[in-house]
Amino acid sequence: MMMKKLVYGFFSLAVIAIACVIYSCSADGDGFSTPECRELMMPDEFKQVGIKHNEGLDAAFLVLRQHYQARTRVMGDDSTKLSKEAIVALLKNGLKEYYVDKGYDTSVVDGYFRRDIYADTRSFDINEYPVYKYVDKINDILDEGEMAPEQLLFKLNTLNREAEQCLSEEDAAIVYAGTSTCYYSFLYWRENYMKWKIALKRPDLLNRFDDEMLNAFVIRKGRLVPPTQTRGVWDSISETIDDVIDSVKDWYDESGKDIVKEDTKGAVSGAAGGAVAGSMAGGVGALPGAGVGAASGGISGSVAEIVDQAFE
């Protein structure tokens, strides 16, 4: 009987401790007080994986913007958007050039855009790897619905602790690459989803609004409203903006989380292959071998997913 009471007491204390942490991660303002709610709990080199992922997404967007700007200068017409096939070719070439410059693996780009592989060209089967179950765990977190970044951090750090305790150092590194990509992808797309969707659906706006202004578009009464009411500009585009509206409403539940999932899946797959390839070379720059693979796979999977969504 005494043993049961002790067990119950320890269990109750554990529940209370967990509840306190969760509460601190769900409070407003400065209530995010625990380390698990403020930063990724992992080696610093894997925090860089997510940062490099977001830099790659911005580089891909710049490829789109510069193409339409150049075409406008040459043709004087920015009203005709490219077909999906032309956009895919443009982004693939742009990513490959970026990867060469950064020392990433260019061979993965074609496969991710075909959407028929999630591993590198070494025939690496990610589904047989023990860390793959963590992709499902991250997806389960994302399926809970939109949350504050601090809440996502807490949940991802729980997985990081589990990986550190249950996996080898090499396999835990792959999980870190996935959770780092997931977190930074979440931050990126909640801020930049609008500009990507508008760029893919109405590229003529790229010559009229900068990135910040594109992201500042809002939905009001079922209409897409620009950040500044410049009447002459807005009158010229209001007739054909409706096809963007449904794509940018409720971004997370409808589309956003799917992009973050693809980022994570691509990062874990790329990290698994990259860990093998980069273990001897030591990675590129600040990234370990798994990090290089994660950057290559995460960026490619993310861009491929947003293009697919725009042309559904």
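Given the structure is predicted, the values throughout are model-derived calculations rather than measurements. Just so you know, the residues in each chain are numbered from 1, in the order the chain's sequence is written. It should be noted that, the model being predicted, local features are given only for residues of pLDDT at least 70 and side-chain atom pairs only at 80 or more, the latter also being counted only at that level, while totals for whole chains, interfaces and linings use all residues. With hydrogens and water stripped out, all remaining heavy atoms of the structure feed into the side-chain values.

S.K.: Explanation requested: the overall build of the protein in the structure shown.
M.R.: The helix count covers DSSP runs of H or I at least four residues long, the strand count covers runs of E at least two residues long, and both are numbered beginning at the N terminus. When its secondary structure is counted, the protein shows 13 helices and 2 strands. The cut-offs for exposure are 20% and 50% of the maximum accessible area for each residue type, with area from a 1.4 Å probe on protein chains only; residues under the lower value are buried, those over the upper are exposed, and the others partly exposed. Here the protein, with 312 residues, has 49% of them falling under the buried criterion. The contact criterion used is simple: two residues touch if any of their non-hydrogen atoms lie within 4.5 Å. Here the contacts in the protein between residues at least 6 apart in sequence split such that 71% fall between residues at least 24 apart. On the protein, roughly 15,000 Å² of surface is accessible, and the fraction owed to carbon and sulfur atoms is 53%. The Shrake-Rupley method, run with a 1.4 Å probe, gives the accessible areas here. Residue values count only the displayed protein chains as cover.

S.K.: I'm lost on the pattern of salt bridges in this one. Help?
M.R.: Pairing is possible between side chains of opposite charge, provided their charged atoms come close. Salt bridge, as used here, is a side-chain nitrogen of Lys or Arg placed within 4 Å of a carboxyl oxygen of Asp or Glu. Counted under the stated rule, the structure contains 14 salt bridges. When the shortest N-O distance is used, the salt bridge between Lys-47 and Asp-44 registers 3.4 Å. With Lys-47 and Asp-44 both in helix α3 (residues 44-75) and 3 residues apart, this pair spans about one turn of that helix. Classification of Lys-47 by relative accessible area gives buried; the value is 16%. Among the residues examined, Asp-44 registers a relative accessible area of 54% and is labelled exposed.

S.K.: What is the right way to read helix α13 (residues 289-310) from this model?
M.R.: An α-helical segment advances 3.6 residues per turn. Residues three or four places apart therefore align on the same side. The first and last C-alpha atoms of α13 sit 32 Å apart over 22 residues, in line with the 32 Å expected at 1.5 Å per residue. Burial analysis of α13 places 21 of its 22 residues in the buried class, which makes it a mostly covered element. A helix is expected to span 1.5 Å multiplied by its residue count minus one.

S.K.: Sorry, what's going on with the environment of Tyr-183 here?
M.R.: As for its placement among the helices and strands, Tyr-183 is situated in helix α8 (residues 169-201). Judged by relative accessible area, which is 12%, Tyr-183 ranks as buried. With 144 residues separating them along the chain, Tyr-183 and Glu-39 place their C-alpha atoms 10.0 Å apart. Setting aside chain neighbours within four positions, we find Tyr-183 in contact with Leu-40, Pro-149, Leu-152, Leu-153 and Leu-156.

S.K.: Where do I start with the nonpolar core in this structure?
M.R.: In this description, a nonpolar core means a group of buried Ala, Val, Leu, Ile, Met, Phe, Trp, Tyr and Cys residues linked to one another through side-chain atoms lying within 4.5 Å. Ranked by size, the top nonpolar core spans 77 residues in total, and within it Trp-189, Trp-196 and Val-303 carry the most contacts. Looking at this core, the elements with two or more residues in it are α3, α4 (84-102), α5 (109-114), α6 (133-142), α7 (149-166), α8, α12 (251-281) and α13. With 18 residues, α8 is the single largest residue contributor to this core. The contacts of Trp-196, once residues within four sequence positions are left out, are Leu-57, Ala-60, Phe-61, Leu-64, Tyr-188, Trp-189, Val-303 and Ile-306.

S.K.: I keep staring at α7 and nothing clicks. Help me out?
M.R.: Taking 1.5 Å per residue as the helical rise, α7 with its 18 residues ought to reach 26 Å, and the 26 Å between its terminal C-alpha atoms agrees with that figure. Within the span of α7, buried status applies to Pro-149, Leu-152, Leu-153, Phe-154, Leu-156, Asn-157, Leu-159, Asn-160 and Ala-163.

S.K.: So what exactly am I meant to see when it comes to the packing of α6 against α8 here?
M.R.: Helix-helix packing: each pair is described by the crossing angle between the helix axes and the interaxial distance. One can describe the packing of α6 onto α8 by two numbers: an axis separation of 10 Å at closest approach and a directional angle of 20°. Considering the angle they form, α6 stands roughly parallel to α8. The hand of the α6/α8 crossing is right-handed. Residues Tyr-134, Ile-138 and Leu-142 of α6 pack against Val-175, Gly-178, Thr-179 and Cys-182 of α8. In the contact of α6 with α8, the residues fall into 5 nonpolar, 2 polar and no charged. The angle between two axes is taken between their N-to-C directions and runs from 0 to 180 degrees, where each axis is a line fitted to C-alpha atoms and a helix contributes only its stretch in contact. In what follows, roughly perpendicular refers to angles from 65 to 115 degrees, roughly parallel to angles under 35, roughly antiparallel to angles over 145, and oblique to any angle outside these ranges. In a left-handed crossing the near helix is turned counterclockwise from the far helix by less than a right angle, and in a right-handed crossing that turn is clockwise. All amino acids are sorted into three groups, where Ala, Val, Leu, Ile, Met, Phe, Trp, Tyr, Cys and Pro are nonpolar, Asp, Glu, Lys and Arg are charged, and the leftover types, Gly among them, are polar.

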